[in-house]
Amino acid sequence: MADLEVGGPAPQFDLPRDGGGSLSLAASAGKPVVLYFYPQDDTTSCTQEAISFSRLKPEFEKAGAVVIGLSPDSAKKHDKFKSKYDLTIDLAADEERKVIEAYRLWVEKSMYGRKYMGVERATFLIGRDGRIAKIWRKVRVKGHAEAVLEAVRAL
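Description of the structure in this document. Note that this is a predicted model, so its numbers are computed, not measured. (Residues numbered from 1 in each chain as written. Predicted model: local features only at pLDDT ≥ 70, side-chain atom pairs only at ≥ 80, totals over all residues. Heavy atoms only, no water.)

### Focus on the layout of surface pockets
Considering only enclosed or pocket space, the largest pocket measures out at about 470 Å³ in volume. Elements with a minimum of two residues in the lining of the largest pocket: α1 (44–55), β6 (106–111) and β7 (114–119). With five residues, the top contributor of residues to the lining of the largest pocket is β6. Taken together, the residues of the lining of the largest pocket break down into eight nonpolar, four polar and six charged. (1 Å grid on protein atoms, 1.4 Å probe; cavity = no way out; pocket = protein on both sides within 12 Å on 5 of 7 lines; lining within 4 Å. Points joined across faces, edges and corners; volume = space filled by probe spheres on them. Helix = DSSP H or I, 4+ residues; strand = E, 2+ residues; numbered from the N terminus. Nonpolar A, V, L, I, M, F, W, Y, C, P; charged D, E, K, R; others polar.)

So, in structure tokens, the structure goes:
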């Protein structure tokens, strides 16, 4: 499979979400969408990232953008994660990894010499037209949400 590229169409999705119901890319048509992928709820880096996006959510909204966090955790686990840290962003549950794989983010990782498969931390900025406007791969959490906000404002 070819990698996704800036200017190409963003893969569509419709997934269960925290609090019940579902989240879809189509529901946000006409708005910029910040779709960030993270490995797991309630781990250090993933928590810091979610807190950063939640803290800046009013600024993203002012810029007209929707922020969606996506991981392979269940919607029930997302509910606990949001409650524990007072998160305000929407979280999508991709337990079957279909969207993660569509975005080419189920990758081989390595920690302490051990190789395993997991979710690559990445963010996709999807423009109002449903096309990918910017991609951040192998994200470092510190300052990331702020960089994404600047990119949204520049759209």
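### What about the packing of aromatic side chains?
Taken as a whole, this structure holds eight aromatic pairs when the rule is applied. Geometrically, the ring pair formed by Phe-53 and Phe-60 is tilted, given 5.8 Å between the ring centres and 45° between the ring planes. Taken individually, Phe-53 and Phe-60 each receive the classification buried, so the pair is uniform in this respect. An aromatic cluster is present here, built from Tyr-36, Tyr-38, Phe-53, Phe-60, Phe-81 and Tyr-85 joined pairwise through their rings. The ring centre of Trp-106 lies 3.8 Å from the NZ or CZ of Arg-97, which sits over that ring. (Phe/Tyr/Trp six-rings, centres within 6.5 Å; stacked < 30°, edge-to-face > 60°. Buried < 20%, exposed > 50% of the residue type's maximum accessible area, 1.4 Å probe, protein only. Lys NZ or Arg CZ within 6 Å of the ring centre and 35° of its normal.)

### Notes on unusual backbone geometry
Glycine aside, residues mostly have negative phi angles, and peptide bonds mostly take the trans form. Positioned with a positive phi, Tyr-112 is a non-glycine residue whose angle comes to about 55°. Structurally, the position occupied by Tyr-112 is in the loop between β6 and β7. Residue class for Tyr-112 comes out exposed when judged on its relative accessible area of 82%.

### Observations concerning the sheet that holds strand β3 (residues 33–37)
Sheet architecture is open: five strands sit in the order β5-β4-β3-β8-β9, paired in mixed fashion. Unpaired on one side and paired on the other, β5 (90–93) and β9 (132–136) mark the two borders of the sheet. Averaged over all adjacent pairs, the angle separating strand axes in this sheet is 20°, with direction ignored. Sheet analysis places β3 next to strand β8 (residues 122–126), joined by five bridges and oriented antiparallel. Bridge assignment links Leu-35 to a residue of β8, and that residue is Phe-124. Along the sheet, α1 contacts β3, β4 (66–71) and β8; its crossing angle with β3, the most-contacted strand, is approximately 165°. (Pairing = 2+ DSSP bridges. Axes fitted to C-alpha atoms, helices over the stretch in contact; angles between N-to-C directions. Contact = heavy atoms within 4.5 Å.)

### Observations regarding the side chain of Arg-17
Looking at the secondary structure, you find Arg-17 in the loop between β1 (14–16) and β2 (22–24). One polar contact links Arg-17 to Asp-90, side chain to side chain, over a distance of 2.7 Å. For Arg-17, the contacting residues outside a window of four places in its chain are Ser-22, Leu-23, Ala-75, Asp-90, Leu-91 and Ala-92. (Polar contact = N/O pair within 3.5 Å; in protein donor to acceptor, adjacent residues only side chain to side chain.)

### As for the environment of Gly-130
With respect to the secondary-structure elements, Gly-130 resides in the loop between β8 and β9. C-alpha separation for the pair Gly-130 and Val-33, spaced 97 residues apart in sequence, amounts to 8.6 Å. Once you skip the residues sitting within four places of it in the chain, Gly-130 turns out to touch Gly-8, Pro-9 and Ala-10.

### Looking at the pairing of β6
Relative to β7, β6 runs antiparallel, the two being bridged by six bridges. Its bridge partner being in β7, Lys-109 is matched across the sheet by Tyr-116.

### A short note on the pattern of salt bridges
If you walk through the whole model with that rule in mind, you get 14 salt bridges. Lys-82 serves as the salt-bridge partner of Asp-18, at 2.8 Å between the closest nitrogen and oxygen. Of this pair, Asp-18 sits in the loop between β1 and β2 while Lys-82 sits in helix α3 (residues 75–85), and the two are 64 residues apart along the sequence. Each member of the pair, Asp-18 as well as Lys-82, carries the same accessibility label: buried. Between Lys-57 and Glu-61 there is a salt bridge, and its shortest N-O distance comes to 3.7 Å. Residue Lys-57 and its partner Glu-61 are located together in helix α2 (residues 57–62), separated by four residues, close to a single helical turn. Taking the relative accessible area as the measure of exposure, Lys-57 reaches 22% and is therefore partly exposed. Overlapping salt bridges, with partners in common, bring together Arg-17, Asp-18, Lys-82 and Asp-90 in one network. (Salt bridge = Lys/Arg side-chain N within 4 Å of Asp/Glu carboxyl O.)

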